[in-house]
Amino acid sequence: MIRSDVVVIGGGFAGLVAALASAKRGKSVTLLTYGEGTLTLNSGVIDVLGFDEHHAPVENPLAAIENLPASHPYRKIGTKALEEAVDFFTGVARKNHIPYHGSLDRQMMVPTAVGTLKPTCLAPHSLSGSEVFPGKKKIVVVGIKGLKDFYGDIMMENLKKSLGEDKSYEIIEVNTGLTGGRDITTQDVARWMDTDEGTSSFSKQLGKAQSLQSGNTTDVLFVVPQVLGTKGHACYQTISSRVGTDVVETTCLPPSVNGMRLQTLLIDSLRELGVDIVENTKVVRAEKNGAVATAVIAQTASNEKHYYAKKFILATGGFYSGGITMRDFEQPKEVIFDLPVYFVKGEENWSNKELFSDQPQGFAKTGILTDESLRPVDGNGKRVFDNVYVVGRNLGGYDFCFEHSGNGVALASAYKAAMM
């Protein structure tokens, strides 16, 4: 029999934060994961609320939350819990040498891999673009020879549109020697940058840029793909120091190096606190006694294992990661606790013709509705379980992609669930 104070199901950002916050409270925690989670698929920055329901840009995310519909997860979580969650997260990140910068009452603009700027609230210093753009007269776009899905000329043209023609722009290319006849990924380059040879070669090649050969080097900003090492903040600091000016990373297509850094940070912190991380474990159902869940059951190759706890936090990723399925239209199913699932009814309301449009996607709001403590409720608002808490993309009533709110909701809901 395996018994804990808290069982967290899911190894994505929400699950890792929920487990960590629970362990910080002195609880015994078991984290059940199936797969690698989704952090390597996202940028690892904390988008709290980039756009409102009319797709208008949000200047002050904390204030804008008060105007969201009552069914939105942020309205259940509350701004106080959001602020506490951010303090908790930034403290953990700072302790682990990946300081995050930003604020809940203003947006930071982070450069993407194509040179546009996306709003976010918190980002590690290596990605905090608008913190270092002011005062720069020269923008140097750094390409990597053989790097997949990075196009310096497109980035430069879009940066001109975003930052203005009053700056000068230049493109250089760094050769890592890694190609070997194939395209390379940001992960390949980041691992090379973890070595003394990599950081030395990279900084020397940046130092040969024409813009550093004349004028004030601090007027120059290097914009680089997300390749500055896999091990936190150290590589970024080394490169910036050696070239004598600011360097900023872009977001990138998967795999996300910054997502890897964040995942490593959180898992290392969990292990330091003695959290029992059970990998490759698919939870298939739960046992209950009335409105109290008593255990979840995981299927292994040879048998079933029961994990008993006083409290369960569901962080299985919802519709996007198989935590909620819909084999038949208008019959969504939460696969472990068989929780009621909210979805937009009517096939005509399910999706827009354009995947990326100025309207939210109906299907994206599919998820579980909760009370203010994040415990699941049915269609009449009646609580279904007294000791099950729902976090992250399992939550219904919001379109994280449309709003740019995914990691913000994940962080805040995970922290609040841990505190309940």
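The structure presented is a predicted model; accordingly, all values stated were derived computationally and were not measured.

Enquirer: Got a sec to walk through the overall build of the chain? Specific residues and values, please.
Expert: The secondary structure content of the chain amounts to 12 helices and 17 strands. Dimensions of the chain, computed from the C-alpha atoms along their principal axes, are close to 75 × 45 × 40 Å. Counting only residues that meet the buried cut, the chain has 55% of its 420 residues in that class. Counted over contacts in the chain with a minimum sequence separation of 6, partners at least 24 positions apart contribute 67%. Working note: accessible area of the chain is about 18,300 Å², and carbon and sulfur atoms make up 47% of it.

Enquirer: Can you lay out the layout of surface pockets for me, pointing to particular residues and giving the numbers?
Expert: Computed from the structure, the second largest pocket encloses a volume of approximately 630 Å³. Lining of the second largest pocket is provided by 33 residues; of these, Ala315, Thr316, Gly317, Ser321 and Gly323 occupy positions nearest its centre. Sorting the residues of the lining of the second largest pocket by element identifies α1 (13-24), β12 (282-289) and α12 (406-419) as the ones contributing at least two each. Here the lining of the second largest pocket is built from residues that sort into 12 nonpolar, 18 polar and three charged.

Enquirer: Describe empty space enclosed by the protein, listing the residues and the values that go with them.
Expert: Scanning all chains against the criterion turns up two cavities of 30 Å³ or more. Together, Ser71, Pro73, Lys76, Ile368, Leu369, Thr370, Leu374, Leu395 and Gly396 line the largest cavity. Looking at the lining of the largest cavity, its residues break down into five nonpolar, three polar and one charged. The volume enclosed by the second largest cavity comes to roughly 30 Å³. Its residues assigned to classes, the lining of the second largest cavity comprises three nonpolar, three polar and one charged.

Enquirer: Can you lay out the nonpolar core for me, pointing to particular residues and giving the numbers?
Expert: Formed by 79 residues in total, the largest nonpolar core has its most connected members in Phe13, Tyr74, Leu82, Leu266, Val296 and Phe337. If one sorts the elements of this core by residue count, α1 sits on top with nine residues. Grouped together as the second largest cluster of nonpolar side chains are 36 residues, Ile144, Val223, Leu228 and Tyr236 included.

Enquirer: Which residues make up the sheet that holds strand β10 (residues 246-249), and what values do they have?
Expert: The sheet built from four strands is open, its strands ordered β8-β7-β9-β10 with parallel pairing. The open sheet has two edge strands, β8 (168-174) and β10, and neither has a second partner. The sheet shows a mean angle of 25° between the axes of neighbouring strands, direction not considered. Pairing analysis gives four bridges linking strand β7 (residues 138-144) to strand β9 (residues 220-224), with the strands arranged parallel. Along β9, the bridge assignment pairs Val141 with Val223.

Enquirer: Describe helix α6 (residues 152-163), naming the residues involved and giving the relevant values.
Expert: Helix length check: α6, at 12 residues, gives a terminal C-alpha distance of 16 Å against a target of 16 Å (1.5 Å per residue), a fit within 8%. Gly152, Met155, Met156, Asn158, Leu159 and Leu163 are the residues of α6 that are buried. Buried residues along α6 sit in contact with β5 (117-120), β7, β8 and β9.

Enquirer: Residues and numbers for the side chain of Thr281, please.
Expert: Examined against the element boundaries, Thr281 turns out to sit in the loop between β11 (276-278) and β12. Classification of Thr281 by relative accessible area gives buried; the value is 9%. Side-chain polar atoms of Thr281 contact the backbone oxygen of Glu279, separated by 3.0 Å. Contacts of Thr281, omitting those with residues within four sequence positions, involve Leu32, Thr33, Tyr34, Ala298 and Tyr307.

Enquirer: Lay out α12 with the relevant residues and their values.
Expert: Taking 1.5 Å per residue, 14 residues should reach 20 Å; α12 reaches 20 Å between its end C-alpha atoms and fits that length. Burial of α12 is extensive: 13 of the 14 residues sit out of reach of the surface.

Enquirer: Describe the packing of helix α8 (residues 196-207) against helix α9 (residues 234-243), listing the residues and the values that go with them.
Expert: One can describe the packing of α8 onto α9 by two numbers: an axis separation of 9 Å at closest approach and a directional angle of 35°. Here the hand of the crossing between α8 and α9 comes out right-handed. Residue-level contacts link Thr199, Ser200, Phe202, Ser203 and Leu206 of α8 to Cys235, Ile239, Arg242 and Val243 of α9. The residue inventory of the contact of α8 with α9, partitioned by class, reads five nonpolar, three polar and one charged.

Enquirer: How would you summarise the pattern of salt bridges if you had to cite specific residues and measurements?
Expert: All told, the structure shown has 15 salt bridges when counted by the stated rule. Across the salt bridge formed by Asp5 and Lys310, the nearest N and O atoms sit 3.6 Å from each other. Of this pair, Asp5 sits in strand β1 (residues 2-9) while Lys310 sits in strand β14 (residues 304-314), and the two are 305 residues apart along the sequence. Classification of Asp5 as partly exposed rests on a relative accessible area of 21%. Look at Lys310 and you get exposed, because its relative accessible area is 63%. The shortest N-O distance in the salt bridge between Arg261 and Glu249 comes to 2.9 Å.

Conventions used here
- Residues numbered from 1 in each chain as written.
- Predicted model: local features only at pLDDT ≥ 70, side-chain atom pairs only at ≥ 80, totals over all residues.
- Heavy atoms only, no water.
- Helix = DSSP H or I, 4+ residues; strand = E, 2+ residues; numbered from the N terminus.
- Buried < 20%, exposed > 50% of the residue type's maximum accessible area, 1.4 Å probe, protein only.
- Contact = heavy atoms within 4.5 Å.
- Areas by Shrake-Rupley, 256 points an atom, 1.4 Å probe, with all protein chains shown as cover.
- 1 Å grid on protein atoms, 1.4 Å probe; cavity = no way out; pocket = protein on both sides within 12 Å on 5 of 7 lines; lining within 4 Å.
- Points joined across faces, edges and corners; volume = space filled by probe spheres on them.
- Nonpolar A, V, L, I, M, F, W, Y, C, P; charged D, E, K, R; others polar.
- Core = buried A, V, L, I, M, F, W, Y, C linked by side-chain atoms within 4.5 Å.
- Pairing = 2+ DSSP bridges.
- Axes fitted to C-alpha atoms, helices over the stretch in contact; angles between N-to-C directions.
- Expected span 1.5 Å × (residues − 1).
- Polar contact = N/O pair within 3.5 Å; in protein donor to acceptor, adjacent residues only side chain to side chain.
- Left-handed = near helix turned anticlockwise from the far one by under 90°.
- Salt bridge = Lys/Arg side-chain N within 4 Å of Asp/Glu carboxyl O.

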